[in-house]
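# Chain and residue survey
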Amino acid sequence: PPPEFFEMPAVAVDLSDRSVKYAEFISTRRGLRIGRYGKKELEAGIIEAGEIKKRGELAAFLAALFKPLGIRRIVASLPEERAYVAAMQLPRLDDPMALRNAIELELAEHIPLPAADAIFDYEVIPTQDIVPPDKITTDSSLHLDIVVYAFPKALAEEYLGAFLDAGLDPRVFEMETHSLARALLPASGGSTAPVMIVDFGKTRTTFVIAVGNLVRYTSTVSAAGESLERSLVKSAGVKPAEAEALKKEKGLIKNKENEDVFNALVPTVSVVADEIERHILFWNTHAEHVHQSIPKISKVILCGGDSNLIGFREYVAQKLRLPVVYGNIWEN
């Protein structure tokens, strides 16, 4: 094996509007094990809706967090709410550089950014993920189906600048929903039926549709954990910290003793459930023509801190009439 220096191990870093999370895997004789990991709350206003508002403060925060830990090389996420996901169909090209050039020429027709202002990467969709094996013909191999992931170049450069200012060395930037799908869905041998992943977080809820581990569709709404807490503060007259504790303790238990909490939480939960249903309906009625995918959504996977809200999984399952499960981060 190569010396550790050449392996250039990196620590994963996930930035959101309110926190920085980090973790690393270490190779041992017993397989992969977790090394350094943690989470630190980020002051409101430094990052808003995925956009860095106070680069100097963010760089200072990151330096204070990671320098004492000896962390320098990182793999970092870029925010889903600033990402564009597009499906393309191109003639089959065996030269990767020619394929990338062809995608770049088509890019402006699929995302609302000039190619010069975008940074992108792509995945080729395996034929069996699009057409059932018994329907594959010679025509199926005459073109490539591509999923393109793009970000505004200025956004990526701002994140790069913040990391460099903090003394960090980012090796890879990745769309956070891509990492999510790779972590939660089987790495191999799994079903190619579309799956909806719902990341119910503190400041936003993200909806991801993945087919065969590839993200095909994403969307974000602001209804999230903080919305639940604001409803409790308003209806119960408690402080924000008390509202968070009340939310976790009582949740969506529908009984006489919990009626006030249930009624305060239901409007936000209902908005999230309606959004899940709307995105599933869109995919199921447009997928074959728009997203080159025939099967319908097979199940919903929940993740994110507020997906643990008592009764949330049952509420969503009852509304959707679909299997709804919690994501297993150790899947792979």
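One structure accompanies this document, and this report is about it.

So, how was this worked out
- Residues numbered from 1 in each chain as written.
- Predicted model: local features only at pLDDT ≥ 70, side-chain atom pairs only at ≥ 80, totals over all residues.
- Heavy atoms only, no water.
- Salt bridge = Lys/Arg side-chain N within 4 Å of Asp/Glu carboxyl O.
- Helix = DSSP H or I, 4+ residues; strand = E, 2+ residues; numbered from the N terminus.
- Buried < 20%, exposed > 50% of the residue type's maximum accessible area, 1.4 Å probe, protein only.
- Phe/Tyr/Trp six-rings, centres within 6.5 Å; stacked < 30°, edge-to-face > 60°.
- Pairing = 2+ DSSP bridges.
- Axes fitted to C-alpha atoms, helices over the stretch in contact; angles between N-to-C directions.
- Parallel < 35°, antiparallel > 145°, perpendicular 65-115°, else oblique.
- Contact = heavy atoms within 4.5 Å.
- Nonpolar A, V, L, I, M, F, W, Y, C, P; charged D, E, K, R; others polar.

## Concerning the pattern of salt bridges
Per the stated rule, a full pass over the model turns up 24 salt bridges. Here Glu51 ties to Arg82 by a salt bridge, and the two come within 3.4 Å at their closest N and O atoms. Placement of Glu51 in strand E5 (residues 51-52) and of Arg82 in the loop between strand E6 (73-78) and strand E7 (84-91) is noted, with a sequence separation of 31 residues between them. A residue is classified by how much of its surface remains accessible, and Arg82, at 25% relative accessible area, is partly exposed. For Arg100, the salt bridge identified is with Asp121, shortest N-O distance 3.1 Å. Taken as a pair, Arg100 in helix H3 (residues 96-107) and Asp121 in strand E8 (residues 118-124) lie far apart in primary sequence, 21 residues in all.

## Here's the deal with the packing of aromatic side chains
Describing an aromatic ring pair means giving the distance of the ring centres and the angle of the ring planes. Applying the stated criterion to the full structure yields 4 aromatic pairs. Relative to Phe66, the ring of Tyr22 has its centre 5.4 Å away and its plane inclined at 80°; by these criteria the two rings are edge-to-face. Separated by 44 residues along the polypeptide, Tyr22 in strand E2 (residues 19-28) and Phe66 in helix H2 (residues 55-66) bring together distant segments of the chain. Take Tyr22: its relative accessible area is 12%, and that puts it in the buried class.

## Quick notes on the pairing of strand E9 (residues 143-152)
E9 sits mainly inside the fold: 9 of its 10 residues count as buried. Both E7 and E9 contribute to a ladder of 8 bridges, which runs antiparallel. The partner of Ala87 across the bridge, within E9, is Val147. The sheet contact formed by E8 and E9 spans 7 bridges and is antiparallel. Opposite Tyr122, over in E9, you have Val148 as the bridge partner.

## Some remarks on the packing of helix H6 (residues 225-236) against helix H7 (residues 240-250)
Between H6 and H7, the least distance of the axes is 9 Å, while the angle of their chain directions is 110°. The orientation of H6 with respect to H7, classified from their angle, is roughly perpendicular. On H7, the residues that touch Gly225, Leu228, Glu229, Leu232 and Val233 of H6 are Pro240, Ala243, Glu244, Leu246 and Lys247. Residue classes in the contact of H6 with H7 are distributed as 6 nonpolar, 1 polar and 3 charged.

## Some remarks on the sheet that holds strand E3 (residues 31-41)
Sheet architecture is open: 5 strands sit in the order E3-E2-E1-E6-E10, paired in mixed fashion. The outermost strands of the open sheet, each flanked by one partner alone, are E3 and strand E10 (169-175). Sheet twist, expressed as the mean angle between neighbouring strand axes with direction ignored, is 20°. Of the pairings in the sheet, the one linking strand E1 (residues 11-15) to E6 comprises 3 bridges and is parallel in character. Bridging from a neighbouring strand, Ala12 pairs with Val75 of E6.

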